[in-house]
Amino acid sequence: MRRLSAALSLVLCASPSFAAMQTKPVEWKIGDDSFSGVLVYDNVNAIKRPGLVMVPNWMGITDNAIQHAKDIAGDDYVVLVADVYGKNVRPKNKDEAKAAVGKAYGDATTLRKRINEAVAVLKAQDKTAPLDANRIGALGFCFGGSTVLELARTGANLAGIVSFHGGLKAHLPGNGVKVNTPVLVLNGAADKSVPNEDIVAFEKEMDEAGADWQLVNYSGARHCFAEIENANNAPEDNCRYDERASKRSFAAMRAFFAERFGAR
C-alpha cells in the first residue's frame, strides 16, 4: 500500500495540474534603445509549441496585458508580451499613453523595426522555453492590433497575424510590398475610431498587396471589446468590453491559429 501511495504521488506531481504558468522578463536592445518584455508559457511539459508575439494596448506592458497573455498561452503557446515603446516608457495614464502612441505612429519606420525585432527576440527563446521557432504568429489589442498590422505590411513571413479592435490605417505607403502573412482583423462594428472608409481602404490595400485576409465585424461592439478590464467604463464610452464579441473573437483567433499552425 505504501508503494502504491508513493507511486500515486509521483503520478500526481507529474500531472498537468501541477504545472505552473511562467512569466519571465526578456530584455533586448536595438542600437542604443533598450526594451523589456515578458515571456509567458505553461511548463506543463517540454513539448515544443508555437509562439505568439503579443503587442498590448496603448498602456503597454501592464498586469492586465500579462494576464491576457496567460489566458492566451495556456499550454498551447509561448507568448512574448512585446515592448515597442522602450524600457523606460511605461504610461501611467491615458495622456501618457496617447503621447507614446503618437510618437510611435509618427515614426512608423522605427515602429516596424521594433515589432520585427520582437519577432526575432521571441524566436531566440527556443533554447530556454518549449518553443518551436519555426511556428510564429502575432496578435495585438487596440494600438497593438495596429502595430501587428504594420508588421504584416513589412512583408514578414509568419504563420498568421490577428488584430483585436486595432486601427486599420497604414502609417507608411505600401510601395508595392506584398503582405505574405495571413491576416485576421476582429473589429467592433460600432467602434467610432474605425469608420467605414477605413475598412474600405484596408480591404483595397490588402487586395492590392495580395494578402490572405479576413475581417470580422461584431455587431454593437465598440473599441476595446475584448478587454474585460474595460467592463466598467461609462455606457457612452467608445472603449467598452463586450462579453459576446469577446467570446466570439477569442474563439475566432484560436480557430485561425489552429488552422495556420496546423498547416505548417
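I will try to describe carefully the structure that is included in this document. Just so you know, these numbers come straight off a predicted model, no measurement behind them. (Residues numbered from 1 in each chain as written. Predicted model: local features only at pLDDT ≥ 70, side-chain atom pairs only at ≥ 80, totals over all residues. Heavy atoms only, no water.)

**Quick notes on the environment of N93**
(1) Moving on: Inspection of the secondary structure puts N93 in the loop between β4 (78–81) and α3 (94–106).
(2) Moving on: Measuring from C-alpha to C-alpha, the distance between N93 and Q67 comes to 19 Å, with 26 residues separating the pair along the chain.
(3) Moving on: At 3.1 Å, the side chain of N93 forms a polar contact with the backbone nitrogen of D95. (Helix = DSSP H or I, 4+ residues; strand = E, 2+ residues; numbered from the N terminus. Polar contact = N/O pair within 3.5 Å; in protein donor to acceptor, adjacent residues only side chain to side chain.)

**Overview of α3**
(1) Moving on: When the terminal C-alpha atoms of α3 are compared, their 18 Å separation across 13 residues agrees well with the 18 Å that a helix rising 1.5 Å per residue should span.
(2) Moving on: As for α3, its buried residues are in contact with α4 (108–123) and α5 (143–153).
(3) Moving on: The residue sitting at the N-terminus of α3 and contributing the capping side-chain oxygen is N93; that oxygen lies 3.1 Å from the backbone nitrogen of D95. (Expected span 1.5 Å × (residues − 1). Contact = heavy atoms within 4.5 Å.)

**Structural notes on the state of the cysteines**
(1) Moving on: Counted by the stated rule, this structure contains one disulfide.
(2) Moving on: The disulfide that involves C224 links it to C239, with 2.0 Å between the sulfurs. Residues C224 and C239 are joined through a disulfide that is left-handed, its torsion about the S-S bond being -110 degrees. Within this pair, whereas C224 is found in the loop between β8 (213–218) and α7 (243–262), its partner C239 is found in the loop between β8 and α7, the two being separated by 15 residues in sequence.
(3) Moving on: Here C142 stays unpaired: no disulfide links it, and the sulfur of C224, its closest cysteine neighbor, is 4.1 Å away. (Disulfide = S-S within 2.5 Å.)

**Quick notes on the environment of S34**
(1) Moving on: You can see S34 is positioned in strand β2 (residues 33–42).
(2) Moving on: Classification of S34 by relative accessible area gives partly exposed; the value is 30%.
(3) Moving on: Residues S34 and G86, 52 residues apart in the sequence, show an inter-C-alpha distance of 5.8 Å.
(4) Moving on: Excluding residues that lie within four positions of it along the chain, S34 makes contacts with W28, K29, G86 and K87. (Buried < 20%, exposed > 50% of the residue type's maximum accessible area, 1.4 Å probe, protein only.)

**Remarks on the sheet that holds β8**
(1) Moving on: As summarised here, the arrangement of the eight strands in space is β1-β2-β4-β3-β5-β6-β7-β8, forming an open sheet in which the pairing is mixed. Here the strands that pair on one side only, and so sit at the sheet edges, are β1 (21–30) and β8. Neighbouring strand axes in the sheet, compared pairwise and without regard to direction, differ in orientation by 20 degrees on average.
(2) Moving on: Sheet topology places β2 next to β4; three bridges connect them, and they run antiparallel. Its bridge partner lying in β4, L39 is registered against L80.
(3) Moving on: Helix-sheet contacts for helix α6 (residues 196–208) involve β7 (183–188) and β8, and the interaxial angle to β8 is about 165 degrees. (Pairing = 2+ DSSP bridges. Axes fitted to C-alpha atoms, helices over the stretch in contact; angles between N-to-C directions.)

**Section: the packing of aromatic side chains**
(1) Moving on: Counted by the stated rule, this structure contains twelve aromatic pairs.
(2) Moving on: Taken together, Y77, F256, F257 and F261 form an aromatic cluster joined through their ring pairs. (Phe/Tyr/Trp six-rings, centres within 6.5 Å; stacked < 30°, edge-to-face > 60°.)

**Regarding the pattern of salt bridges**
(1) Moving on: With the rule as written, the count across this model stands at eleven salt bridges.
(2) Moving on: When salt bridges with common partners are traced through the structure, they connect R112, E150, R153 and E205 into a single cluster. (Salt bridge = Lys/Arg side-chain N within 4 Å of Asp/Glu carboxyl O.)

**A short note on the side chain of T147**
(1) Moving on: By the element assignment, T147 lies in helix α5.
(2) Moving on: Dropping the residues within four chain positions of it, T147 is found in contact with V55, L111 and I115.

**Details of the layout of surface pockets**
(1) Moving on: Approximately 700 Å³ is the volume found for the largest pocket.
(2) Moving on: Around the largest pocket sit 33 residues that line it, and N57, W58, C142, F143 and H223 are the ones nearest its centre.
(3) Moving on: The set of elements that each furnish at least two residues to the lining of the largest pocket consists of α2 (63–73), α3 and α5.
(4) Moving on: Here the element with the most residues in the lining of the largest pocket is α3; it accounts for four residues. (1 Å grid on protein atoms, 1.4 Å probe; cavity = no way out; pocket = protein on both sides within 12 Å on 5 of 7 lines; lining within 4 Å. Points joined across faces, edges and corners; volume = space filled by probe spheres on them.)

**Some thoughts on the pairing of β1**
(1) Moving on: Relative to β2, β1 runs antiparallel, the two sharing ten bridges. Looking at β2, one finds that K24 is bridged to L39.
(2) Moving on: Hairpin connection, β1 to β2: the antiparallel pair is bridged by two residues, and G31 has positive phi, about 65 degrees.

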